[in-house]
Every structure is written in structure tokens, then in C-alpha cells.
Amino acid sequence: QVQLVESGGGLVQAGESLRLSCTASGRTFNGYLMGWFRQTPGKEREFVSAIRWSSLNTYYADSVKGRFTISRDNAKNTVYLRMNRLKPEDTAVYYCAADRKSGGNWWAPVEYDYWGQGTQVTVSS
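Computed from a prediction, not measured in an experiment: that's the story for all the values here.

Criteria and thresholds
Residues numbered from 1 in each chain as written. Predicted model: local features only at pLDDT ≥ 70, side-chain atom pairs only at ≥ 80, totals over all residues. Heavy atoms only, no water. Phe/Tyr/Trp six-rings, centres within 6.5 Å; stacked < 30°, edge-to-face > 60°. Helix = DSSP H or I, 4+ residues; strand = E, 2+ residues; numbered from the N terminus. Buried < 20%, exposed > 50% of the residue type's maximum accessible area, 1.4 Å probe, protein only. Lys NZ or Arg CZ within 6 Å of the ring centre and 35° of its normal. Disulfide = S-S within 2.5 Å. Pairing = 2+ DSSP bridges. Axes fitted to C-alpha atoms, helices over the stretch in contact; angles between N-to-C directions. Core = buried A, V, L, I, M, F, W, Y, C linked by side-chain atoms within 4.5 Å. Contact = heavy atoms within 4.5 Å.

Any pair of aromatic rings gets described here by the distance separating the centres and the angle formed by the planes. Scanning all chains against the criterion turns up eight aromatic pairs. Taken together, a centroid distance of 6.4 Å and an interplanar angle of 5° make the contact between Y32 and Y114 stacked. Of the two residues, Y32 sits in the loop between strand 3 (18-25) and strand 4 (33-39) while Y114 sits in strand 10 (residues 114-115), which places them 82 residues apart along the sequence. Comparing Y32 with Y114 shows no difference in burial state: the two are buried. With centroids separated by 5.7 Å and ring planes inclined at 75°, the aromatic side chains of F37 and F47 adopt a geometry described as edge-to-face. Here F37 is found in strand 4, whereas its partner F47 is found in strand 5 (residues 46-51), with 10 residues between them in sequence. Neither F37 nor F47 differs from the other in exposure class; each is buried. One aromatic cluster is present, built from ring pairs that chain together F37, F47, Y59, W106, W107, Y112 and W115. The residue whose ring lies beneath R45 is Y95, and the NZ or CZ to ring-centre distance is 3.7 Å.

As C-alpha cells, this is what we get:
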């Protein structure tokens with residue numbers, strides 16, 4: 001079993017930056033695909049970004065491409081999401097997720113086996 005804990009959320013103004021962290025415990029996440037999703041009330045969980053174990057493959061939603069950067073430190077069992085030039089529409093609860101199969105459907109929530117509790121990001125205009 002893997003436990004995921006997100007941190008780094010908060011309230012910022014438009015144009016500012018935040019870095020989210022997600023640390024895995026319980027077992028190593030060697031080989032896992034790691035992803036970030038976000039959700040606002042009444043809407044489905046939305047893919048934000050994902051990264052493979054080697055970090056050679058990263059994926060981004062069009063809405064965040066060029067502003068967000070995903071990275072991981074496998075030695076620390078931690079994945080990061082650097083969010084620059086934040087916009088009010090980025091406001092959401094952000095969730096970290098882990099896929100032990102490292103499958104091909106990196107954009108789909110159903111691909112992932114483990115989820116964190118989420119961290120709130122609020123961007124004021």
C-alpha cells in the first residue's frame with residue numbers, strides 16, 4: 001500500500017507561483033507513473049500533469065502547458081508540481097496520484113491506484 005501526502009497549496013494572487021509536493025510512504029514508488037489532477041466543486045477530476053519513473057516522459061494538460069512543470073526525486077519518493085503565472089481558473093483542490101502499472105492512459109483518473117487527500121490552491125484575481 002502507498003500513502004500519498006500533498007503539501008504546498010495556499011492562497012496566491014494571479015501571476016504568482018506555487019510549488020506542490022507529494023511524498024509517498026508505505027512502500028517505494030519505484031517504476032510508478034505519478035500524476036497530478038485537480039477538481040472544483042461540481043466538476044469531474046481533471047488531468048493536470050504526469051511523469052514517468054525515468055522523468056524522460058512528462059505530460060501536461062493544454063491549459064497548463066508552458067506554465068506548470070512536473071518533476072520527481074525518486075530518492076525522496078517525492079513528486080513536485082511547479083505552478084507559475086497562476087490564473088484564477090487554476091483554483092481547485094489538487095490531488096497527487098500513483099499508478100503502479102505505469103500504464104498508457106496517463107490522463108485518466110481510473111488509471112491510478114493511489115490518491116492523496118488533496119491540497120487547496122486558490123488564486124485570486
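Okay, the state of the cysteines next. Evaluation of the coordinates by the stated rule reveals one disulfide. C22 shares a disulfide with C96; S-S distance 2.0 Å. The sign of the -75° torsion about the S-S bond sets the C22-C96 disulfide as left-handed. Taken together, the residues C22 in strand 3 and C96 in strand 9 (residues 92-99) connect sequence positions 74 residues apart.

Our next topic: the sheet that holds strand 7 (residues 68-73). Ordered by their spatial adjacency, four strands build an open sheet running 1-3-8-7, and the pairing between neighbours is antiparallel. If you trace the sheet from one side to the other, it starts and ends with strand 1 (3-7) and strand 7, each paired once. Between one strand axis and the next, the sheet turns by 15° as a mean value, whatever way the strands run. Bridge analysis of strand 3 against strand 8 (residues 78-83) gives six bridges, and the strand direction is antiparallel. Paired with L18 across the two strands is M83, which belongs to strand 8.

Moving on, we come to the nonpolar core. Judged by nonpolar contacts, the single largest core of 35 residues is most densely connected at L4, M34, W36, L81, M83 and Y94. At five residues, strand 9 tops the list of elements feeding residues into this core. In this structure M83 touches E16, S17, L18, L20, R67, F68, Y94 and V121, once residues within four positions along its chain are discounted.

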